[in-house]
Structure formats: C-alpha cells, structure tokens
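Observations on chain architecture
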Amino acid sequence: MTKRTLTAVSAAAALAAALLPMTSEAVPAFARQTGKTCLTCHFQNFPILNAYGQEFKAGGFVDIGKQGQIKGPDLSIPETLNMAMVGKWRAVSTNDSAKTTEYGIPDEFGFLIGGRAAANVGYLVEASTVASPALAGFKMPITVAKTEGGTRFTVVPFATGGIGAGYGMELLNTGAVANVRPFEHGFATSAMQYVNGEYSAWGLTGVASSQDFFVNVSRWTPQWNPAGVKGSPDANYIRAAWLGNVMGFESGAGVQIFSGTVTAVDALASTSANTGGAAGSTFDVKSTAVDFQAQGSVAAMPLGIWASYANAPKSTGTAVNFFNNSTVSDKSAIAIGAQLGAFHHAAVKLGFRKATDGQGMIDNAVTVGANYHLAQNLGLLIEHSIFSQGNNIQSRQGVDANGNPTGGNARTTVMLETAF
C-alpha cells in the first residue's frame, strides 16, 4: 500500500470516528410531542422499545398529543420544535499491558431534533456537539399509504454516521442497528454488532409494517460524509420480522440479509468489524442474521431476553467482503442476553457471545452488568465483559514480543446517560 493510500485511509478513519452515532432516539423530544412519559414507549429503560414504541416509530414519529399545532391546508406541525439533549459520560477500562482507562467527559453529547413534519411525514436529526462534522444522522419517514387492515407503507430517505444500513427502519432491540440494544457492550452481547459492527450508510428504505410484522427493503452504500455524499446506493439490505405476543411477552423474530457490491469513491475507513480500502476499491456486501426477543415480566419483575446469530462469509481472492476481509474462515457469532428489573429503579443483566473471528480463532465473551435509574431519562450503568483467551478483535490493540494480546481480555464501562 502506498504512502498516499495510507494517508487517504487514515483520513477516512478519522472521519468515521467523528461520525459515530449517538445511541438514543430523541426520547424527551418525542415525550414533549406526545405528552407521554419515556416508559410509555420504552421497556425498562431507553433505548429499548416496547410494543407502543414500535408502533410510534413505525408510524414515522407523527403521533401528537395535547401539544398545540399549527394547522392549515396541507400543513400540520407542532407549535414547538421538539428536541432533546442526549449525553453519555463514561470511563472504559481494559486490563491491557498499560492498564488503560479512557474517559469520555462527555463521550457523546448532542441535540436530537425530531417528530412531526406533516400529517404523514416525520423526521429525526442527530447533531453532535463533541465531534466534527456536526450532522451525525438524518431520516425522514414518509407514509405513502395505509390499508384498512392497518398495514402501513413508508419510504425513508436516510443517512447515518455509524448506525448502519438498518437505520431507515428497525423495531427490534437485538442490536440489528447500533443505537437500539440493551447492552452498552453491544459487540460482546449482539451477534449483529460483532459481525457487522458500526458503519456509516446512506440510502433509501421502503417499509411495509403493521402490529404483526415489518419488512425493510433498502438500497444503500457504506460511504457517507455530510460535507458531500459519495458513492451510489448499490448494496441491498432486506429485513423482515414478525411481531406478536407469546404467553404475555411482547415478542419478535426476524432475519437480515445483506447483498450486492459497492465501490468506494473516496478512501473507505477500516474498523474493527468492517473492511476499508483506497478510492476505487470494490467490495462485496455479504452477511445474514436471525434474531429473537421476548419482553414481559416474571413474578412482577420486568424481564427481557434477546438472542441473535450472524454470519459474514469469508472473502475470496477476487472479492473482498465488506463485513469480513479474511480469506481464512467465515466470521460468525451467536449471542444471548437478558435484563431483569430485580429492584426498584434497578436492573441486572447477563450476556454471552460465542464467536469465530474470521481467522479461525475462538472469540467468546461473557458480560455482566447493572442499571440504576435516577429518573426515566437519567441512568447509571456498569458493564464488565471477559473475553476468552484474550482473542477479542474488537478490543485487541496488538501483540507484545511474546505474541500475547496487549488489549487484555476484559473491559469495564461505567457510564452516566442523560436525555432531557
């Protein structure tokens, strides 16, 4: 690789880091528009959606409560521009050779503006105050038709700095997209987050949804820069999921399929999960996943269970897979996690991941954690993950002279999350 290519890829990597997403979706902004509390839409805590939250999101964020409106012919908007300030203050420690602790004060902090733009049009804008460029994401769900039986048809133009191809519409909490997952350590507890990772995307989504299902069909590309969109949306993303109630548990099960080929117009940054390359590089986009969730209560204690499996085929000598640049083996993972609201304002959680990292190396993880809710929109969190044999490619920094991973085999996160 030439010095010029390395410089271009490094610049792209810096841009990708700046565009990483905020992992909540405008909770107080929507609470202000609907006049409802955060837990009306969320299970145990945000960002986990319940059935009501799924319906509000599938409806394009347009439901409005007692908030005043400005109405006229072909006009229906809230009197107030609804927004929220979302922040994460955290410390992340690894037991690497340097005993590294990184402080994000704040790690994420930004404005999320969203809600009703018209009777059948909603929007969500994510604007970061700690990264440049400021625009971290945008989408605009446009409902084009709704049947008497309740099936809704929606078109969603979208762009995101790190949430991925499913950003146009996702209703489950399994980590199918980076910003809706029950664990902060998503890579250790979600198969999709481990295999596919966090990556930028822009494109167009078509959605069919009802209370019983949703289908997302998208054309997209992994190259997005708000200063100038690059590339054409030549990759395909198909997401289909069933929604229902099983023995009192709000449940869902679905599949994700990625396919197609994309060409990088500018240098594309590599991440721990995604392949990068110089301008002009061509990538196959291949990955599949299945997932399941159940959210309800046991002995009057709220209990959520989320499970997922994902696989990205290995690259070949003639075709590099965006989700797995290794030619040794497929990258795959199976994960399951649970969260129990065992105490007032507090929950405990446990997650497990069994994976192969694409190099044929076992890469398992066990995560324990707890949440404490100071208020519906303020929470404290601690999570601790242990990785088997120190083989976790997500945290490994490299190896020492003896070939031992210097990234350590454990990671601990302590975090305060706010939304107001």
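Residues numbered from 1 in each chain as written. Predicted model: local features only at pLDDT ≥ 70, side-chain atom pairs only at ≥ 80, totals over all residues. Heavy atoms only, no water.

Observations regarding unusual backbone geometry
Each neighbour pair has its own omega, and for Phe46 with Pro47 the value is 10°, a cis peptide bond. The peptide bond linking Ile105 to Pro106 adopts the cis configuration, its omega dihedral lying at -10°. Relative to the assigned elements, Pro106 resides in strand β4 (residues 101-118). In this structure, Ala300 takes a positive phi of about 65° despite not being glycine. (Helix = DSSP H or I, 4+ residues; strand = E, 2+ residues; numbered from the N terminus.)

Focus: the state of the cysteines
Tallied over the entire structure, the rule returns zero disulfides. Note on Cys38: no disulfide assigned, nearest cysteine sulfur contributed by Cys41 at a separation of 8.8 Å. For Cys41, a relative accessible area of 15% puts it in the buried group. (Disulfide = S-S within 2.5 Å. Buried < 20%, exposed > 50% of the residue type's maximum accessible area, 1.4 Å probe, protein only.)

A few points about the pairing of strand β18 (residues 346-357)
With eleven bridges joining them, strand β17 (residues 331-343) and β18 adopt antiparallel strand pairing. Considered in β18, the bridge of Gly337 is made with Gly351. Where β18 meets strand β19 (residues 365-375), eight bridges bridge the pair, whose relative direction is antiparallel. Each bridged residue has a counterpart across the sheet, and for Val348 the counterpart in β19 is Ala370. (Pairing = 2+ DSSP bridges.)

Observations regarding a nonpolar patch on the surface
A surface patch of nonpolar side chains, amounting to about 530 Å² of accessible area, comprises Val217, Ile238, Val255, Ile257, Val290, Tyr309 and Ile334. Following the sequence through the fold, Ile238 ends up in strand β11 (residues 235-246). (Patch = residues over 30% accessible without salt bridge, like charges linked within 9 Å, V, L, I, M, F, W, Y side chains within 5 Å. Areas by Shrake-Rupley, 256 points an atom, 1.4 Å probe, with all protein chains shown as cover. Salt bridge = Lys/Arg side-chain N within 4 Å of Asp/Glu carboxyl O.)

Description of helix α2 (residues 27-34)
One turn of an α-helix holds 3.6 residues; hence residues three or four places apart share an orientation. Here α2 lies mainly inside the structure; seven of its eight residues are buried. Turning to α2, its buried residues are Val27, Pro28, Ala29, Phe30, Ala31, Gln33 and Thr34. In this structure, the buried residues of α2 make contact with α3 (51-58), β2 (75-78), β3 (83-94), β4, β5 (121-128) and β21 (410-419). Residue Gly35 follows α2 closely and has a positive phi angle near 75°. (Contact = heavy atoms within 4.5 Å.)

As for the packing of aromatic side chains
Throughout the structure, instances matching the rule amount to 14 aromatic pairs. Between Phe30 and Phe56 the ring centres are 5.1 Å apart and the planes differ by 65°, which places this aromatic pair in the edge-to-face class. In this pair, Phe30 sits in helix α2 while Phe56 sits in helix α3, placing the two residues 26 residues apart along the sequence. Judged by its relative accessible area of 5%, Phe56 is buried. The interplanar angle of 75° and the centroid separation of 6.4 Å between the aromatic rings of Phe283 and Phe322 together place this pair among those described as edge-to-face. With Phe283 in strand β13 (residues 282-284) and Phe322 in the loop between β16 (320-321) and β17, the pair connects residues that are 39 residues apart, well separated along the chain. Exposure remark for Phe322: the relative accessible area of 2% places this residue in the buried category. Among the aromatic residues, those joined into a ring-pair cluster are Tyr199, Trp220, Tyr237, Phe258, Phe283, Phe322 and Phe323. The cationic tip of Lys139 hangs over the ring face of Tyr167; the distance from NZ or CZ to the ring centre is 4.4 Å. The ring of Phe183 carries Lys349 above its face, with NZ or CZ at 5.1 Å from the centroid. (Phe/Tyr/Trp six-rings, centres within 6.5 Å; stacked < 30°, edge-to-face > 60°. Lys NZ or Arg CZ within 6 Å of the ring centre and 35° of its normal.)

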